[in-house]
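If you want the building blocks of each chain, they are given just below.
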Amino acid sequence: MAAATISVDEFQALEQKVLQTVELIKKEREARAAAEEKCTTLETQVRNLEAECSVLKSERELFETEHNAAVTELGALKEKLSETSTVQTELDSLQREREAVRLRVEKMVAQIDELFA
């Protein structure tokens, strides 16, 4: 059986390659750990954003409901305003009529006073 002999230079070169490979593996593991940590952080951020999105959707639905109620109330108020305007017009007309009647009555009273004077 022939024994393989390795020179000192070949051994040192091999040792250097092994050390470089070990260092490369160490760096790769560190990079992988950092990437996994970053991935975990990003997954947490995504979950938080999804939760926030859900809350915002709920708030939007609530605001839409409140908006619809306000629009309905505004419609009712506009209708009441229209009715109030009609009533005010009628009231103004009745007041003018009353004033006309009052003037006619004053004239009639003046004529009666003239007749009895």
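Refer to the structure presented above.
Residues numbered from 1 in each chain as written. Predicted model: local features only at pLDDT ≥ 70, side-chain atom pairs only at ≥ 80, totals over all residues. Heavy atoms only, no water.

### Structural notes on the overall build of the protein chain
Looking only at helices and strands, the protein chain has one helix and zero strands in total. Taking 13 Å as the expected radius of gyration for a compact globule of 117 residues, we find that the protein chain reaches 49 Å, considerably beyond that expectation. Principal-axis analysis of the C-alpha atoms places the extent of the protein chain at approximately 165 × 20 × 10 Å. Among the 117 residues that make up the protein chain, the fraction classed as buried is 0%. Carbon and sulfur atoms make up 60% of the accessible area of the protein chain, which amounts to about 11,200 Å² in all. Across the protein chain, the centroid of the 16 positively charged side chains sits 2 Å from that of the 25 negatively charged ones. (Helix = DSSP H or I, 4+ residues; strand = E, 2+ residues; numbered from the N terminus. Rg over C-alpha atoms; globule rule 2.2 N^0.38 Å. Buried < 20%, exposed > 50% of the residue type's maximum accessible area, 1.4 Å probe, protein only. Areas by Shrake-Rupley, 256 points an atom, 1.4 Å probe, with all protein chains shown as cover. Lys, Arg positive; Asp, Glu negative; His and termini not counted. Charge placed at Lys NZ, Arg CZ, Asp CG, Glu CD.)

### Re the pattern of salt bridges
Once the charged atoms of two side chains with opposite charge are near each other, the side chains can pair. Applying the stated criterion across every chain yields a total of four salt bridges. Across the pair R32 and E28 runs a salt bridge, and its minimum N-O distance is 3.8 Å. Taken together, the positions of R32 and E28, both in helix 1 (residues 8-116) and four residues apart, correspond to about one turn of that helix. For the salt bridge of E106 with R102, the shortest nitrogen-to-oxygen distance reads 2.3 Å. Residue E106 and its partner R102 are located together in helix 1, separated by four residues, close to a single helical turn. The class for E106 is partly exposed, based on a relative accessible area of 41%. Residue classification places R102 among the partly exposed residues on the basis of a relative accessible area of 35%. A single salt-bridge network, built from bridges that share partners, covers E99, R102 and E106. (Salt bridge = Lys/Arg side-chain N within 4 Å of Asp/Glu carboxyl O.)

### Comments concerning a nonpolar patch on the surface
Among the surface-exposed residues, L14, V18 and V22 lie close enough to one another that they form a single nonpolar patch of about 250 Å² accessible area. On the accessibility criterion, L14 (47% relative accessible area) is partly exposed. (Patch = residues over 30% accessible without salt bridge, like charges linked within 9 Å, V, L, I, M, F, W, Y side chains within 5 Å.)

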